[in-house]
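Secondary and tertiary structure notes
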Amino acid sequence: MTHLSRRGLLLAAGASILAANTLAIADERAPAAKVTPLPAKSIYQFPVSLTDQSGKTFQLAERRGAPMIVSMFYTSCQYVCPMLIESIQATEQKLSPTERARLKVTLVSFDPEHDTVQVLRKTADSRSFDSARWALARTDATSVRKLAALLGIQYRAIGNGDFNHSTALILLDADGQIVGKTSELGSADAEFVKALRRTLSSS
Amino acid sequence: MKHKVLGAVLLSCAHLAWPATYVDVPGGTFPSALGNDASAGQAAVQPYRMRATPVTRSEFGAFVASHPQWQRKNAPRVFVDSDYLADQTLGDDRPGSRGDQPVTHVSWFAAEAFCEAEAGRLPTWLEWEFAAAADATRPDARGDAAWRAQILGWYSRPASQALPAVGARANYYGISDLHGVVWEWVDDFNALLVNADSRSAGDPDKLKFCGAGAIDLQQRDNYAILMRVALLSSLKGTDSTSSLGFRCVRPTTIGTTP
């Protein structure tokens, strides 16, 4: 059992409303068509503008069409955040080059005040990832809170430039629905890789 | 006058279909129930204005009438769960109707959207906690065991009992119903990273948190506040329940020229 689900169980004991939501995630697929409205559970319905490490601004919904791993981080984090990037890279290594080429990765900063485009670029340059598929992105503080709520990620500024935050890799299908989640860090989560493969082959 | 109202303002903006009363809260430094921050338990709160009452069913009804994307049948399931606005007859202003009761069955996303439509936002936890520390005569009555017991007594009201109308029990600032009626959403509900089990020191859960780890709760005798933190920390943004409502805040006007 992953750390996430163990904690999830503890919290669910206090709020039974959680369970029904979690189970319903995969049930509402829109019928396939050329231009379909977004499915009811697509996070691409959230109108948010992001700016990546190259200064390019895009709508999150523009990511529609390919599966994506999304997570949240901040660049001055010394401990968990480098592991987060390494975990995604380890996960990608489990894919074939063809599969990998279709996967997008977007990491959004908790800390728009300090994580400017310049800072994001510096971080991107110091890591060896494919910047054609990977984005380190920032948005305004209000949108950070909403995006975190959509992804089920908790975070809290603790006053000295640091943040406490929960860590999760979230897998979105091509329509922006959450179809996988892991909080395993440091290596590839086998279940998550399985979900990733399944999503890549069905979209 | 029983309590001191710091500049109550009745705002009836032309673009709003409902009026809302906001009162000034001066802010300041106070001991928060949330510990473990760099500030060593002392939290600083900037001045703000807070809605004197929770948002009512009739006010939320006016909102969904002018924002149809937030009607029960339209709101996407990524923002609301299946209980959203369940059991609601919104916008019923007739005498004896439930229009003056606090709206419940509202997700965090819907609450934020309402507040934005009212030129406000949800309060942060600290803003809520600061205002809720007051009783009718004191800005911070939390040290008073009798006051804490009174709050706890309110929470023992059966959930099946109908909610009262908003606007009773105004506190020191002229803000009503912070205790005793409904739970309330806060803007940063997903910032309350409470350690689910304080005995778990050293367990692998610590990897879930970056930085200094989970919040240590202070003021362990203030059960009512700790219950609220525990509830809020367990919620997802889409959750809606029959006992969870909200109110909004706006920026202060103190020290600004109109």
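Residues numbered from 1 in each chain as written. Chains lettered and ligands numbered in written order. Predicted model: local features only at pLDDT ≥ 70, side-chain atom pairs only at ≥ 80, totals over all residues.

Some details on the confidence of the model for chain B
Residues and elements named next belong to chain B. As a reminder of what qualifies: Confidence per residue, as judged by the predictor, is encoded in pLDDT with a range of 0 to 100. Residue pairs are scored as contacts if the distance between their C-beta atoms, which are placed from the backbone, is within 7 Å.
This prediction gives chain B a mean pLDDT of 82; 74% of its residues lie at or above 70. Confidence drops under a pLDDT of 50 for residues 1-14, and excluding neighbours within four residues, the segment shows 26 contacts in the predicted structure. For this predicted complex, the interface score ipTM comes out at 0.82, while the overall pTM is 0.83.

A look at the environment of leucine 226 of chain B
Residue and element names in this part refer to chain B. Filter applied, for reference: For helices the rule is a DSSP run of H or I covering at least 4 residues; for strands it is a run of E covering at least 2, with both sets numbered from the N terminus onward. Put simply, a residue is buried when 20 or more other C-beta atoms lie within 10 Å of its own C-beta and exposed when 12 or fewer do; between those, it is partly exposed, and each C-beta is set from the backbone.
Along the chain, leucine 226 falls in helix H5 (residues 223-233). Residue classification places leucine 226 among the partly exposed residues on the basis of 16 C-beta atoms within 10 Å. C-alpha of leucine 226 to C-alpha of arginine 49: the two residues are 177 residues apart in sequence and 24 Å apart in space.

Looking at helix H5 (residues 117-126) of chain A
Residues and elements named next belong to chain A. Selection rule: The reported arc concerns the directions from the helix axis to the C-beta atoms and nothing else.
If you check which residues of H5 are buried, you get Leu120, Thr123 and Ala124. Around the axis of H5, the buried residues are gathered within 100 degrees of arc, so they sit on the same side. In H5, the exposed residues that point more than 90 degrees away from the buried face are Gln118, Asp125 and Ser126. The elements touched by buried residues of H5 are strand E5 (134-137).

What to know about the pairing of strand E9 (residues 178-182) of chain A
Residues and elements named next belong to chain A. Threshold: Any two strands with at least two DSSP-identified bridges between them are counted as paired.
Of all five residues in E9, five are buried; the element is thus mostly enclosed. Across four bridges, strand E8 (residues 169-172) lies against E9 in antiparallel orientation. The residue of E9 that forms the bridge with leucine 172 is isoleucine 178. Counted along the chain from E8 to the antiparallel partner E9, the turn is five residues long, and its residue glycine 176 has a positive phi close to 85 degrees.

Considering the sheet that holds E8 of chain A
All names here are of chain A. This is how the line gets drawn: Simply put, an axis is a line fit to the C-alpha atoms, just over the touching stretch for a helix, and the angle between two N-to-C directions goes from 0 to 180 degrees.
Across the sheet, which stays open at both edges, the five strands sit in the order E5-E4-E3-E8-E9 with mixed pairing between neighbours. The open sheet has two free edges, formed respectively by E5 and E9, since each of these has just one partner strand. Each neighbouring strand pair of the sheet contributes to a mean axis angle of 20 degrees, computed without reference to strand direction. Alignment of strand E3 (residues 68-73) against E8, held across three bridges, turns out to be antiparallel. Counted as the bridge partner of isoleucine 69 is leucine 171 from E8. With respect to the sheet, helix H3 (residues 80-93) is in contact with E3, strand E4 (104-109) and E8, its orientation differing from that of E3 by roughly 170 degrees.

Regarding helix H1 (residues 57-66) of chain B
Residue and element names in this part refer to chain B. Most of H1 is tucked away: eight of the ten residues are buried. Within the sequence span of H1, burial applies to Arg57, Ser58, Glu59, Phe60, Gly61, Ala62, Phe63 and Val64. Lining the buried residues of H1 we find helix H2 (108-117).

Things to note about unusual backbone geometry
Residues and elements named next belong to chain B. Phi at leucine 85 takes a positive value of approximately 55 degrees, unusual for a residue other than glycine. By secondary structure assignment, the location of leucine 85 is in the loop between H1 and H2. A count of 24 C-beta atoms within 10 Å places leucine 85 in the buried class. Unlike most non-glycine residues, arginine 169 shows phi in positive territory, near 55 degrees.

Comments concerning the nonpolar core
Threshold: Among buried residues, those of type Ala, Val, Leu, Ile, Met, Phe, Trp, Tyr and Cys that are joined through C-beta atoms within 7 Å form a set called a nonpolar core.
Membership of the largest hydrophobic core comes to 114 residues, with the highest contact counts inside it found for Met72 of chain A together with Ala110, Ala111 and Ala131 of chain B. In contact with alanine 131 of chain B, other than residues within four places in its own chain, are Val25, Met50, Tyr173, Ile175 and Leu178 of chain B.

Looking at the confidence of the model for chain A
Residue and element names in this part refer to chain A. In the predicted model, chain A carries a mean pLDDT of 84, and 83% of its residues have values of at least 70. Put simply, helix H2 (residues 17-23) is where chain A has its lowest mean pLDDT, 38, and strand E1 (residues 49-51) is where it has its highest, 98. Note on residues 1-31: pLDDT under 50 across the span, and 47 contacts to partners over four residues away in sequence or across chains.

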